[in-house]
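Working through the structure, step by step
Spelled out, the chains give:
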Amino acid sequence: LGASAAATAACSAPAAGKGAPLAAPPAPDDAELSADELRTIGIFERSCESVVFITNLRVASGPSWFAAPPVLDSPSVPTGSGSGIVWDARGHIVTNYHVVAGATELTVTMPSQDVYPATVVGTDVDRDIAVLRVRPKQPLRPLPLGSSARLRVGQTTLAIGCPFGLDFTLTTGVISGLGRDIMGRTGRPIVGCIQTDAALNPGSSGGPLLDSSGRVIGVNVAILTMSGSSAGVGISMPIDAVRQSVDQIISRGHVLRPSLGVRMAPDDYVQRRLGVAGVLVFEVQPRSGADVAGMRGTSRTRSGELKLGDLIVRAGGKDVKTSLDLFKAMEAVQVGDSVELEVVELDDSDGLGLREKGRRKLSVKA
C-alpha cells in the first residue's frame with residue numbers, strides 16, 4: 001500500500017480488541033496551518049469554482065452482421081474527458097482541442113455538479129486549443145489571467161484539474177523549465193511551452209496552471225512520460241499564446257495565423273540527403289506572399305532532373321537551420337507583417353556536388 005492507501009486502511013480497520021473503527025482526526029484549525037498552506041488552500045478554494053470537467057461523447061457504433069438503416073436514437077457514450085477553464089462570465093470555456101476532438105456531444109460539469117451541454121465555438125488545432133460555450137443559469141466567474149512573458153524557473157505552480165475523472169484535484173510544484181517545444185497534432189511545433197513538475201495525469205488536460213497569486217499562467221496540455229502517468233514532466237501552453245488564439249476564436253470563430261505560403265521539404269531530407277542546414281522550399285503557393293516576393297520552389301527540368309528550390313537560411317534576423325527555427329521566427333510575426341528572409345540558391349548541375357550559387361534577400365508578406 002502507498003502512504004495514502006495505508007492511512008485509509010488504518011482509519012477503516014477495527015481498533016484492537018474493541019471492534020470499532022478509529023475516529024477520523026479533526027480538521028486542523030487555521031492556527032495550525034502555515035502561511036504557505038493557508039495561501040495554497042485559499043487559491044484552490046477560490047479557483048476551483050472556475051474550473052470545469054468536460055466529457056466528450058460520441059454516438060456508439062459497432063460491427064453489424066446485416067445491412068440496416070442507421071438508428072436515429074443511437075446512444076452516446078463517453079470517449080474521453082478533460083478539464084477546462086472558465087474564460088469569461090458569458091459562458092466561454094477554454095480547453096485543449098484533443099479533449100473535444102471527434103465529439104458528437106459535449107457536456108460541462110461545474111463544481112456545483114450542474115451539468116450543461118456545450119457547443120464548440122472554434123478551435124486552434126495547431127496550438128491544441130478549443131473554445132466551448134455553455135448557457136449557465138447564472139453568470140460564471142472567470143479565472144484571473146496572468147502573463148507568461150516574464151516567468152522564471154523556480155516559481156511556484158499550482159495545477160487544478162480532473163485527472164482520471166476524479167473530482168477537482170490540486171497538485172503543486174515549480175516551473176522546471178521554459179521555452180520547451182513540443183510537436184503539435186498538425187506537425188507544427190507548439191513553441192515556448194512551460195515545463196512544470198506539478199503532477200499532471202490523463203484528465204488534467206485543459207486545466208489551468210496557476211502562479212502563487214492564483215493567476216493563470218498556462219493551460220495544461222501534455223505530459224512527457226513512458227508509462228502514461230505523471231513522471232514529473234508536465235507541459236503547459238503559455239497563457240499569452242493561449243490568449244491570442246482565444247481572442248480570435250471568440251471574435252471571428254477561427255484563428256488567422258501568419259504564413260509565408262510555402263510547403264517545406266522534411267528536415268531529414270535537407271540534412272541527410274543534401275547535407276545542408278536550412279529550410280528547403282518544396283512548393284510555393286500561387287498568389288501567396290512568397291510567390292509575390294519571387295521565392296522559388298523545387299521543380300523538375302524538361303529532362304526530368306530535380307531543380308532544388310530556395311533554401312531559407314535566415315528569417316527575421318535569426319539563423320534558420322531547421323523548420324522549427326522558421327516556425328519560431330513566425331511566432332513573432334502578425335498577419336499582414338512583412339518577414340525579412342535570406343535565401344540561398346543551390347546548384348548541382350555540374351555533377352560535382354551541391355554548391356551555393358547565390359544569395360538573395362526577400363521581404364515576404366505573411
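I will try to describe carefully the structure that is included in this document. (Residues numbered from 1 in each chain as written. Predicted model: local features only at pLDDT ≥ 70, side-chain atom pairs only at ≥ 80, totals over all residues. Heavy atoms only, no water.)

The next subject is helix H4 (residues 239–252). With 14 residues, H4 should cover 20 Å at 1.5 Å per step; its first-to-last C-alpha distance of 20 Å lies within 8% of that length. The set of residues buried in H4 consists of Ile239, Ala241, Val242, Ser245, Val246, Gln248 and Ile249. The inward-facing, buried residues of H4 abut strand S3 (92–95), strand S5 (115–124), strand S6 (129–133), strand S11 (216–223) and strand S12 (234–238). Once H4 finishes, Gly253 follows within two positions and takes phi at roughly 90 degrees, a positive value. (Helix = DSSP H or I, 4+ residues; strand = E, 2+ residues; numbered from the N terminus. Expected span 1.5 Å × (residues − 1). Buried < 20%, exposed > 50% of the residue type's maximum accessible area, 1.4 Å probe, protein only. Contact = heavy atoms within 4.5 Å.)

The strands making up a sheet are joined through hydrogen bonds of the backbone, oriented either antiparallel or parallel. If you walk around this closed barrel you meet the six strands as S7-S8-S9-S12-S11-S10, and the pairing is antiparallel. Direction aside, the axes of adjacent strands within the sheet are offset by 50 degrees on average. With five bridges joining them, S11 and S12 adopt antiparallel strand pairing. From the neighbouring strand, Ile223 faces S12, where its bridge partner is Gly234. Where H4 meets the sheet, it contacts S11 and S12, and its direction lies at approximately 50 degrees from that of S12. (Pairing = 2+ DSSP bridges. Axes fitted to C-alpha atoms, helices over the stretch in contact; angles between N-to-C directions.)

So, on to the pattern of salt bridges. Opposite charge on two side chains permits pairing when their charged atoms draw close. Tallying each qualifying case throughout the model produces 16 salt bridges. Here Asp181 and Lys328 are joined by a salt bridge, their closest N and O atoms 2.9 Å apart. Within this pair, whereas Asp181 is found in strand S8 (residues 169–183), its partner Lys328 is found in helix H7 (residues 323–331), the two being separated by 147 residues in sequence. We note a salt bridge from Lys357 to Glu345, for which the minimum N-O separation is 3.8 Å. Remark: Glu345 occurs in strand S19 (residues 338–347) and Lys357 occurs in strand S20 (residues 355–365); sequence separation between them is 12 residues. (Salt bridge = Lys/Arg side-chain N within 4 Å of Asp/Glu carboxyl O.)

Coordinates in, geometry out; function isn't part of it.
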